[in-house]
Structures are given as structure tokens and as C-alpha cells.
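Descriptive analysis of the structure
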Amino acid sequence: MMNEIIVPSSPCPVIIGAGPAGINAAITLAEQGIESIIVDENPAPGGAIFRQPTKKISLGFSPVIDNKSRQRATRLLENLERYKDKITVYNRAQVLGGLSEGDSIIVLHNNRVTELHYSALFICTGCYERSHPFPGWTLPGVMGVGGMQLQVKSNLVRPGHRVVITGTGPLLLLAAKQFHDAGMEVVGVYEAGQKMDLYREIPALLADIPLLFDGIKYLSYLKKQGIPVHYGWGIVGVRGVSEVSEITVAPYDKDWQPLLNKQEVINADSLAVNYGFTSRTQLTQQLGCAHSYYHDRGGFKPDVDKWHRTSCEKIYAAGDVAGIYGSYVAEVEGKISAYGHLVDLGQINDKEANLLCASLRNNLKRLIKFQHGFSKLSSPKEGLLSLPDKNTVICRCENVTLDKIDNAIATGIGDVTKLKMATRAGMGDCQGKSCGDFCRNYLAKQTQRSQQQIGKLNARFPLAPVTFAAFAAGEK
Amino acid sequence: MLNKNEFQTQKKSINTITLRENDMLYEGEIGNRKIVIMINDEAVYAYQGESVLSTLLSHKIRGFSQNDHGKVQGPYCGMGVCYCCMVKINGINKQRACQHSIEDDMRIDTRSNHFTTLIPAFEKE
């Protein structure tokens, strides 16, 4: 691994994020002889989906990972390795922001800040789990489903012993299987979507039989292991002294409002929760790309054309950042964005590019149809906004409780930026990645204003906390 | 915090086998070097290269972070987004446990935050 970022003599394409989209973009460019740089903040390439194990074990992969994922990860990383003379990967490198007029980004790597000029910028930053605050969600023991998964699949450590899984979407079933395989006791899966809604989406889900089959496989595995899956149920709150000890769940109505008279209390030490994802758009926002609001597809996302160009010159966005459709779509979109860049360079013309991408696009259509089935089922409903009580912390970094937000709304605040100024919600270390979605949706509901009027929390430079020393080190 | 000599002494004095209760595999199945690091000046086992978060979780340490307002938190997103798992690593505050890997002679201090130690009045608004 390289300790210092070596700035190339002339700018080359720079790709942000070493997940399925970013790696495929780099490989497609490399196939055409174009060198590129990948900047990724994780210890190793692969992204959250193909996170490599941090432990050397004879299997090579964590025992909880199925063969299919193993093969996909191996293929992707082997391809990356094959082009290592064309693709430079910087891991543990965080992008602090960019200067779209100067065609450069500022990268923090090894406590040193470096300015990296690009000839094209591919933003493949993916997504993260959307937070929905509820009483007790800041207690140690409550984690995102994906976060817990990384512990068992990459680090081979159990994040807890007795776990309850709540949320929505196919990830819950996979996680339940993996947690069980890891030796954790899975009390149950509480899926907010109704079973009837799932049946209604079967035509869409039939668009991808192998993926549908995966889901059925997980379900029958859970049944065999005696792990119940409850549809139309969800989280109410969590209690405990210093850590989680009691988890309350209840049936949800069609708006996902919990029916409190039917609530049940479960003794468990861990809660894995995932009510959907949000595109990681801080960089596309900071660079000034145009965004639109899509409720069921993770809130705001950058506008892209069919070659994944954003509204900013030389900037492309591919993968979950440009709409949450999962890793299969991300792989295809990464390739398409690279072909788009080849068109812009004049290396191939539009017609050739269309020909090269024809089968990719056919594939994409099928995958997206499948994902739309789930998005209808799993798009978060308004009832979730009623979960927190007035003492529930909404902004974890700045300890802003719901009553402070209510007080601010009572003074007439009608957009999320003013709310941040008044309450400090979204001003802390994570820059609103945890509370931003709730604040926006809650404000929209309470004030009856549109998402456009509410706006989004503007991402500002630096996108991650950085010391003055790191800037000073970069000057030398 | 321990100075370097104290660190070495403390490191040698580790006799009690601290079980890593939450490891999914047995010791023999893991090829990483098993090393001793310091968590809050106490010697514990860790595997070189695993994430700091995993070391903490393997020793059943979960409420290890403290935000700028003195509130104790645990890991939440587990993938570098939420900044809820920040600890002091080798004397530097606000390092995300989930994004750092274990290295030799690493010193980790939990519930450390320069805001709340330097400005105790900050919290008591």
C-alpha cells in the first residue's frame, strides 16, 4: 500500500470509491489503455458489498459468505489486479471536497492533504443505511444491518449474541442467515412491508429469476433453522442501562405506524436495523452537480444522462450514488460511465458506444425492473417519523433532541438549512449523514411543505473532519 | 497515557489470557499475527490487520465512544459514515475505530474526546 499520494505529471481520470461501480469504470478505461487513479476510504478495495476479510483464513473468505458472492468478489478483485499497471488504488484516502472550476479534488491520506487534478472525475461513492431515529437508538448494541454484516463477513467477529433484525428489504433475510451462520442467536426478522405487498410485486421480481431464487433460498433456510420472519412488523424502541437489553416491536399499519396496543418486548443484546438506504451524495453536492428528489430511491441523487454524465463538465456518477439499485446495477453503470467518457474523449463515437453497451443496457433494464419491485414494497412510509419521542436524540453528533427540533419548527422554520442553524442538527462530525434524512422528512411532514422547499443539508468542504496539521503537512 | 517504557513493561506483564469471546473462529484458524495492544492502558490481544472496531467488539467493549457533548455511544453504521465509534488512537483523538486497522504497539483510549476533557464546562450548558 502506498504511503503517499503521487500526483501524476498530467491529470488522469480519478475515480472516487473502489466498489463495484468504481472498479468496473477503472477496468473499462484500462481496457482502452487509459490509466486512472482510484481513491477509496476503506482499508482495501471491494466496497461494502465485496469487503475483503481482514483475517487470513484457510477458506479465504468468511464462512458466512455464499459461493456466488465469493465468485463475484474474486472476479472483480482479480480483474483489478490484472490491470494494476494501469490502475493506482489509494486506500484509506478520504475526499474532503473538490474545486469543480479547477478540476481537482482535495484528498486526506495519512494525515496529509493532497490536491489531485483530474481529467475526468467518476463519483462512485455508493450509499449508506438511512437512519430512522427511535427511542433508545443511540444505545450501544443498536447497529445498521450492513455494519453488523461487515463485522461477521470481513472481520469474523460477532458484534453481539442475541440479535433482533428490524427494517425492510431483502438484505434482512441475507443478514439473518449470515448472523446465524456466525453463531449469533437470531430472535427474529421483523419486516415492515406487508406480505400481500410482496405478492403484488411478484411480476416485477420475476424479472430476475436468479435473484428471486436467492431470496427464496434464504427464506427456506431461515424456516429450517426456526428463525421466524414477521411481515408488517417493526421497531418501536429500545431500552437498556448502558447497552441494549430490551427491544420493543409491534405490528405496523399500512403507513408503518406501530400499533402500540399489540407491542411485544424482546430480551436481546443487539438490534440490527435497516429501513432503506441513502445515496452518498455529499461530494456531488459539494461539487455543484444538479440533484433531484426521489423518495423511494434514497432521497436526493445527482441528475445523470444515459452515459452517467452529471450536470458538471467532466464529472460522472455511477452506482448507488446515482440511484440505489444494488451491486449488480452498479457494476454495469460503472462500465457505461467509462464508455461515456470514451465518447467524450472522441476515442469512440456515439454509435460504437451504443453498440458496445447494448447488452449492458438490456441487462440493466431487467435488473432495475426487479429492484423497482422491492422499492415499492420497501420505500419508507410516514409512520416511521412518529417513532421518536420528545427526548429522543435525533442528531447523534450534536445531541439534538426532537423537542429542540419541534421548538425550532414552532418558531416558523421551514427549511432544513435554517433548522441546522437553529438547532445544530447536522452540524457535527458526520455532517448530517445520520440525521439529515429524518430532519428533512419530519420538517416536510410538520410544515406540509414539499421536499424542494425543505431543501437538503448542503455538504460543505471539508467533507470529513481534518486537522490543521494535515493541511500544513500537505504544504511541505 | 503510558510512556514507551511503561508500555513495554505492561506488555510483558500480560499473563492472564484474555479471551476474545466474540471471535467466530478459533485461534488456530486465524493466520494473522496475534499481538498485544493497549486499550485504556490495559494489555489485550488483537490480530494484526483487523479493524480496531473488531478488536473492541471481540472483547465485548461496545460503549466506547464519547461525542463532543460527553454522551457515550457505541458503533452505529460500522462503515465509516456516522462517526459514532471515534476513539483516541496513538494519542490522536477522533479516529474512527471502524476505519483503522490494528498495528503493533497500538494504543487505544476509549471515551476520549478533547472537547469534553479540555472544556468540561462545554457540556454543562
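The structure displayed is predicted, hence computed values, not measured ones.

Residue and element names in this part refer to chain A. If you trace the five strands from one edge of the open sheet to the other, you get S8-S15-S9-S10-S11, paired in parallel fashion. Edge strands, defined here as strands with exactly one partner in the open sheet, are strand S8 (142-144) and strand S11 (229-231). Between one strand axis and the next, the sheet turns through 20 degrees on average, direction left out of account. Looking at chain direction, strand S10 (residues 185-191) and S11 are connected through three bridges and run parallel. Bridging from a neighbouring strand, Val 189 pairs with Val 229 of S11.

The omega angle of the peptide bond from Phe 461 of chain A to Pro 462 of chain A is -10 degrees, so this bond is cis rather than trans. Mapped onto the secondary structure, Pro 462 of chain A falls in the loop between helix H14 (451-454) and helix H15 (468-475). Notably, Lys 94 of chain B is not glycine yet its phi reads approximately 55 degrees, a positive angle. When you line up the elements, Lys 94 of chain B lands in strand S6 (residues 92-96).

So, about the pairing of strand S1 (residues 34-39) of chain B. Residue and element names in this part refer to chain B. Where burial is concerned, most of S1 is hidden: five out of the six residues are buried. Pairing of S1 with strand S2 (residues 42-47), which is carried by six bridges, proceeds in the antiparallel orientation. Residue pairing for S2: Ile 35 is matched across the bridge by Ala 46. The antiparallel pairing of S1 with S2 creates a hairpin that spans two residues between the two strands, and Asn 40 there sits at a positive phi of about 50 degrees. The pairing of S1 with strand S7 (residues 107-109) spans two bridges and is parallel. Counted as the bridge partner of Met 38 is Arg 107 from S7.

To continue, consider the nonpolar core. If you look at the biggest cluster of nonpolar residues, it comprises 76 residues, and the most contacted ones within it are Ile 15, Ile 23, Ile 38, Phe 122, Ile 165 and Phe 179 of chain A. Take this core: its biggest share by element is nine residues, from helix H10 (residues 350-378) of chain A. Each of domain 1 (12-128 + 278-348) and domain 2 (131-275) of chain A accounts for three or more of the residues forming this core. What Phe 122 of chain A contacts, discounting residues up to four positions off in sequence, is Pro 13, Val 14, Ile 15, Ile 16, Ala 25, Leu 29, Tyr 316, Ser 337, Ala 338 and His 341 of chain A. Within the second largest apolar cluster, 31 residues are counted, among which are Leu 139 and Ile 266 of chain A together with Met 79 and Cys 84 of chain B.

Take the sheet that holds strand S14 (residues 264-267) of chain A next. All names here are of chain A. Pairing within the open sheet is antiparallel, and its three strands lie in the order S12-S13-S14. One side of each edge strand has no neighbouring strand; the edge strands of this open sheet are strand S12 (233-239) and S14. Strand-to-strand twist across the sheet, computed as the mean angle between neighbouring axes with direction ignored, equals 30 degrees. When S12 meets strand S13 (residues 246-251), the two strands line up antiparallel, connected through six bridges. Across the sheet, Gly 237 pairs through a bridge with Thr 248, a residue of S13.

Thresholds applied
Residues numbered from 1 in each chain as written. Chains lettered and ligands numbered in written order. Predicted model: local features only at pLDDT ≥ 70, side-chain atom pairs only at ≥ 80, totals over all residues. Heavy atoms only, no water. Pairing = 2+ DSSP bridges. Helix = DSSP H or I, 4+ residues; strand = E, 2+ residues; numbered from the N terminus. Axes fitted to C-alpha atoms, helices over the stretch in contact; angles between N-to-C directions. Buried < 20%, exposed > 50% of the residue type's maximum accessible area, 1.4 Å probe, protein only. Core = buried A, V, L, I, M, F, W, Y, C linked by side-chain atoms within 4.5 Å. Domains from an automatic or database assignment. Contact = heavy atoms within 4.5 Å.

Nothing here speaks to function; it is all geometry.
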